[in-house]
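Letter by letter, the chains look like this.
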Amino acid sequence: PVSTAPVETGLLLGPGGEFAFVGISLAAALKLMRPETASFTFAVTALSMALIPLMPALARRIAPLVAPPSAPDPALLLTPGPRRGHAIVVGYGRVGKVVSSLLAEHRVPYTATDLDAQTVSDDRGAGHEVYYGNAADPAFLAACGLRDAAGVIVTVQARDAVDRIVTAVRAQSPDVMIVCRARDADHARHLYAIGVTDAVPETIEASLQLSEAALVGLGIPTGLVIASVHEQRDAVRKDLQIAARKSGQPAPHSLRSRLDRAADQKPAPPAAPEPSVPPDDRRPG
């Protein structure tokens, strides 16, 4: 923490004191000061003395602004090593930590990133492998190995930041899978329109989990409940994707590319067989 003692001491030396009134009165009596100047000086001195109780609070606000810059945490200067077939997790908050832990549990390599320096410093100190950087910066995405990544998982909430990240990722890797956190159905529809592979609306997902817990608690077999929840989730996803395409936006890049590749790999129809010629009708060449 920044010490406020030097700033507080300097501020407390500034206000006037009781002896100022004596000196001003003597100067005015000896005609060394004009009466209006003496009156103004009295007012300024009285005001400065009235502000003395506020100086400690003011010092606490000013001290961080005048403190010398501290050396950056070495953890913020670390860069990810080369990887292939990994996932890039953008945002290492509550949701990002859960996603990363599940990736690790299933032995999926990943690179976790966050733009909050304090978060990265604290998590690094706690033993988490997270890297500081802006995922909307093409240079940082390249350092994270975007071109060799299997997918990008965006867990941040800020809508403008998500748009910038998705745009930057698509500019470098049009075919990579992007799974993105969305606030609601409207936000998910927007994300599909700008090119994400899959968007997960928090409000809809919460309602599905609530329904699952309620149905299981009411005695419905767990397998049937899970199947119906998955069907409902797929139906919602399909509706959002259709709505995004109807808005005049193209289909998600990765979906388009997969469809194009499937069309290119579609086997050609078999050629029609040549008509056979009876042996008696054959003529020597």
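The structure we're discussing is the one just above.
Note that residues are indexed from 1 along each chain, following the sequence as it is written. Side-chain atom pairs in this predicted model are given and counted only at pLDDT of 80 or more, local residue features only at pLDDT of at least 70, and totals for whole chains, interfaces and linings cover all residues. Note: side-chain values were computed over all heavy atoms of the structure, leaving out hydrogens and water.

*Asks:* Sorry, what's going on with the pattern of salt bridges here?
*Replies:* Think of it this way: side chains of opposite charge can pair up when their charged atoms draw near. Put simply, a salt bridge is a Lys or Arg side-chain nitrogen that is within 4 Å of an Asp or Glu carboxyl oxygen. By the definition in use, this model includes six salt bridges. Here Lys97 and Asp123 are joined by a salt bridge, their closest N and O atoms 3.1 Å apart. Linking Lys97 in helix H5 (residues 94-105) with Asp123 in helix H6 (residues 117-125), this pair joins segments that are 26 residues apart in sequence. Runs of H or I in DSSP of at least four residues are treated as helices and runs of E of at least two as strands, each being numbered from the N terminus.

*Asks:* Sorry if this is basic, but what is going on with a nonpolar patch on the surface here?
*Replies:* Each patch groups residues whose relative accessible area exceeds 30% and which form no salt bridge, using 9 Å between like charges and 5 Å between nonpolar side chains of Val, Leu, Ile, Met, Phe, Trp and Tyr. In this description, accessible areas are obtained by the Shrake-Rupley approach with a 1.4 Å probe, and a residue is regarded as covered only by the protein chains that are shown. Together, Leu215, Leu218, Ile220 and Leu224 make up a nonpolar patch on the protein surface, roughly 390 Å² of accessible area in all. Here Leu218 lies in the loop between helix H10 (202-217) and helix H11 (222-246).

*Asks:* Even after reading the chapter, I still don't get the packing of helix H8 (residues 159-172) against helix H9 (residues 185-194), so can you show me in this structure?
*Replies:* What describes two packed helices is the angle between their axes and the distance between those same axes. Here H8 crosses H9 at 20°, and the two axes come no closer than 10 Å. In terms of orientation, H8 lies roughly parallel with respect to H9. The handedness of the crossing between H8 and H9 is right-handed. Of the residues in H9, those in contact with Arg159, Val162, Asp163 and Val166 of H8 are His187, His190, Leu191 and Ile194. Taken together, the residues that form the contact of H8 with H9 break down as four nonpolar, two polar and two charged. Every axis corresponds to a line fitted to the C-alpha atoms, with the helix fit spanning only the stretch in contact, and the corresponding angles, defined between N-to-C directions, vary from 0 to 180 degrees. Relative orientations are named as follows: roughly parallel for angles under 35 degrees, roughly antiparallel for angles over 145 degrees, roughly perpendicular for angles from 65 to 115 degrees, and oblique for any other angle. Helix crossings fall into two classes, left-handed where the near helix is turned counterclockwise from the far one by less than a right angle and right-handed where it is turned clockwise. In this description, contact between two residues means that some pair of their heavy atoms is separated by no more than 4.5 Å. When residues are grouped by polarity, Ala, Val, Leu, Ile, Met, Phe, Trp, Tyr, Cys and Pro land in nonpolar, Asp, Glu, Lys and Arg in charged, and all others, Gly among them, in polar.

*Asks:* In this structure, what is going on with the sheet that holds strand S2 (residues 110-114)? I would like to understand it.
*Replies:* As a general point, the strands of a sheet are linked pairwise by backbone hydrogen bonds and lie either parallel or antiparallel. The parallel open sheet is built from six strands, whose spatial order is S3-S2-S1-S4-S5-S6. Taken across any chain shown, the strands that pair with only one partner, and hence form the sheet edges, are strand S3 (130-132) and strand S6 (198-201). Ignoring strand direction, the axes of neighbouring strands in this sheet form an average angle of 20°. We treat two strands as partners when DSSP finds at least two bridges between them. Relative to strand S5 (residues 177-182), strand S4 (residues 151-154) is paired through four bridges, and the arrangement is parallel. Residue pairing in the sheet places Gly151 in a bridge with Met177 of S5. The strands touched by H6 are S2 and S3; relative to S3, the strand with the most contacts, the crossing angle is about 150°.

*Asks:* Sorry if this is basic, but what is going on with the nonpolar core here?
*Replies:* Burial of nonpolar side chains together is a common tendency in soluble globular proteins. Joining through side-chain atoms within 4.5 Å is the link that ties buried Ala, Val, Leu, Ile, Met, Phe, Trp, Tyr and Cys residues into a set, and such a set is a nonpolar core. For every residue, the accessible area obtained with a 1.4 Å probe (protein chains only) is divided by the maximum for its type, and the residue is called buried under 20%, exposed over 50%, and partly exposed between those limits. Grouped together as the largest cluster of nonpolar side chains are 24 residues, with contacts concentrated most on Val152, Val169, Ile178 and Val196. At the level of secondary structure, the elements contributing two or more residues to this core comprise strand S1 (87-90), helix H7 (138-143), S4, H8, S5 and H9. For this core, the leading source of residues is H8, giving five residues. Grouped together as the second largest cluster of nonpolar side chains are 10 residues, Leu76, Tyr92, Tyr110 and Ala112 included.

*Asks:* Would you explain the pairing of S1 in this entry?
*Replies:* Across a regular strand the side chains alternate sides, sitting on one face of the sheet and then on the other. Neither face of S1 is left uncovered, since the one carrying Ala87 and Val89 and the one carrying Ile88 and Val90 both have all their residues buried. Here S1 runs beside S2; their pairing, made up of four bridges, is parallel. Among the inter-strand pairings, Ile88 is bridged to a residue of S2, identified as Thr111. In this region the chain leaves S1, passes through H5 and returns to the parallel neighbour S2; the handedness of that crossover is right-handed. As defined by bridge partners, S1 adjoins S4 across four bridges and the pair is classed as parallel. If you follow Ala87 over to S4, its bridge partner there is Gly151. A crossover counts as right-handed when, viewed with the strands pointing away from the observer, the path leading from the first strand over the helix to the second turns clockwise.

*Asks:* Please explain the side chain of His187 as it appears in this structure.
*Replies:* Secondary-structure assignment places His187 in helix H9. For His187, a relative accessible area of 0% corresponds to the buried category. Ignoring anything within four residues of it in the chain, the contact list for His187 reads Arg159, Arg181 and Ala182.

*Asks:* How should I be thinking about the packing of aromatic side chains in this particular structure?
*Replies:* Geometrically, a pair of aromatic rings is defined through the distance of the ring centres and the angle of the planes. Between the rings of Phe, Tyr and Trp (Trp by its six-membered ring), a pair exists once the centres lie within 6.5 Å; its type follows the angle of the planes, with under 30 degrees stacked, over 60 edge-to-face, and the other angles tilted. Enumeration over the complete set of coordinates arrives at one aromatic pair. Aromatic side chains Phe21 and Phe42 sit 5.7 Å apart centroid to centroid with 10° between the ring planes, which places their arrangement in the stacked category. Of this pair, Phe21 sits in helix H2 (residues 18-29) while Phe42 sits in helix H3 (residues 35-50), placing them 21 residues apart in sequence. In this structure Phe21 comes out as partly exposed when scored by relative accessible area, which is 28%. With relative accessibility at 25%, the residue Phe42 sits in the partly exposed group. Charge-over-ring contacts are defined here by two conditions on Lys NZ or Arg CZ: a distance within 6 Å of the ring centre and an angle within 35 degrees of the ring normal. We note Arg124 situated over the ring of Tyr131; from NZ or CZ to the ring centre the distance is 4.7 Å.

Bear in mind that shape data such as this cannot, by itself, settle questions of function.
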